[in-house]
Amino acid sequence: MLPSRSPSVAVSLRGSAHPGSDPLRTVVRVSGEHDPATRTHLSRTIARAAHLDEADMVVDLSGITFMDASTLGAIVNAHNRLRAGSRSLSVRAPSPLARRLLDICGLAFLIDEHPAPAQPSAATALDSWIAVPASDRASDPASDPAQPLVTEQAPSQKSARATTQRAVDLAASVQHRRVPS
């Protein structure tokens, strides 16, 4: 028999410096054993966290050693309340036992299989920058339908040029209107 761990519920508001926090969502970490005796505490903690922060919510079930349908009921009720307020709730890293229970109850859709990275690295952010030459639209070869839009290049350069061209096309399609004073 596994050693039992006392039930615990901890909250990290979005952007906090706590381990396991998320820059965009509130994280509620649930660990230990949860049953009908802990449902009220779990429900109140989730409700307080939702009230304190207007962010979407993630319930981290990685530390669950036991849970039953009452725990799932608290999570589903919170999911429904948040959804009514145009917010979302997802489950992150469920323990094998929690995942099995979510699957059996048809709630696997709550599991966030591909969570966003906690903090994008500076290299990732800089990789998204592309050089856009300052040029007159009329002299731009891309404006000439006879010219190919993109020449054969490495895939990353090709997609960057296509993205740039879409942005240029969108900007050209927007007509500037003067607002009457």
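Our subject in this report is the structure included herewith. In this text, all values refer to a predicted model and were calculated from it rather than measured experimentally.

Considering the arrangement of structural elements, one finds Asp56 in strand E3 (residues 56-67). Judged by relative accessible area, Asp56 falls into the partly exposed class, the value being 30%. Between the alpha carbons of Asp56 and Ser88 there is a distance of 5.0 Å; along the sequence they are 32 residues apart. Not counting residues within four places of it along the chain, the set of residues in contact with Asp56 comprises Leu24, Arg25, Thr26, Arg87 and Ser88. For Asp56, the side chain forms a polar contact with the main-chain nitrogen of Ser88, separated by 3.0 Å.

The subject of this paragraph is the environment of Ala49. Mapped onto the secondary structure, Ala49 falls in helix H1 (residues 36-52). For Ala49, a relative accessible area of 3% corresponds to the buried category. Note: C-alpha distance between Ala49 and Ala10 (39 residues apart in sequence) is 9.7 Å.

A separate point is the pattern of salt bridges. Note that side chains of opposite charge can pair when their charged atoms are close. Counting across every chain of the model gives 6 salt bridges. Across the pair Asp22 and Arg25 runs a salt bridge whose closest N-O atoms are separated by 3.1 Å. A salt bridge links Asp112 to Arg25; its shortest N-O distance comes to 3.2 Å. Of this pair, Asp112 sits in the loop between helix H3 (96-104) and helix H4 (122-127) while Arg25 sits in strand E2 (residues 25-34), placing them 87 residues apart in sequence.

Looking at Arg25, the relative accessible area reads 14%, which means it is buried. Side chain to side chain, Arg25 and Asp22 meet in a polar contact 3.1 Å long. A distance of 3.2 Å separates polar atoms of two side chains, one belonging to Arg25 and the other to Asp112.

Parameters and conventions
- Residues numbered from 1 in each chain as written.
- Predicted model: local features only at pLDDT ≥ 70, side-chain atom pairs only at ≥ 80, totals over all residues.
- Heavy atoms only, no water.
- Helix = DSSP H or I, 4+ residues; strand = E, 2+ residues; numbered from the N terminus.
- Buried < 20%, exposed > 50% of the residue type's maximum accessible area, 1.4 Å probe, protein only.
- Contact = heavy atoms within 4.5 Å.
- Polar contact = N/O pair within 3.5 Å; in protein donor to acceptor, adjacent residues only side chain to side chain.
- Salt bridge = Lys/Arg side-chain N within 4 Å of Asp/Glu carboxyl O.

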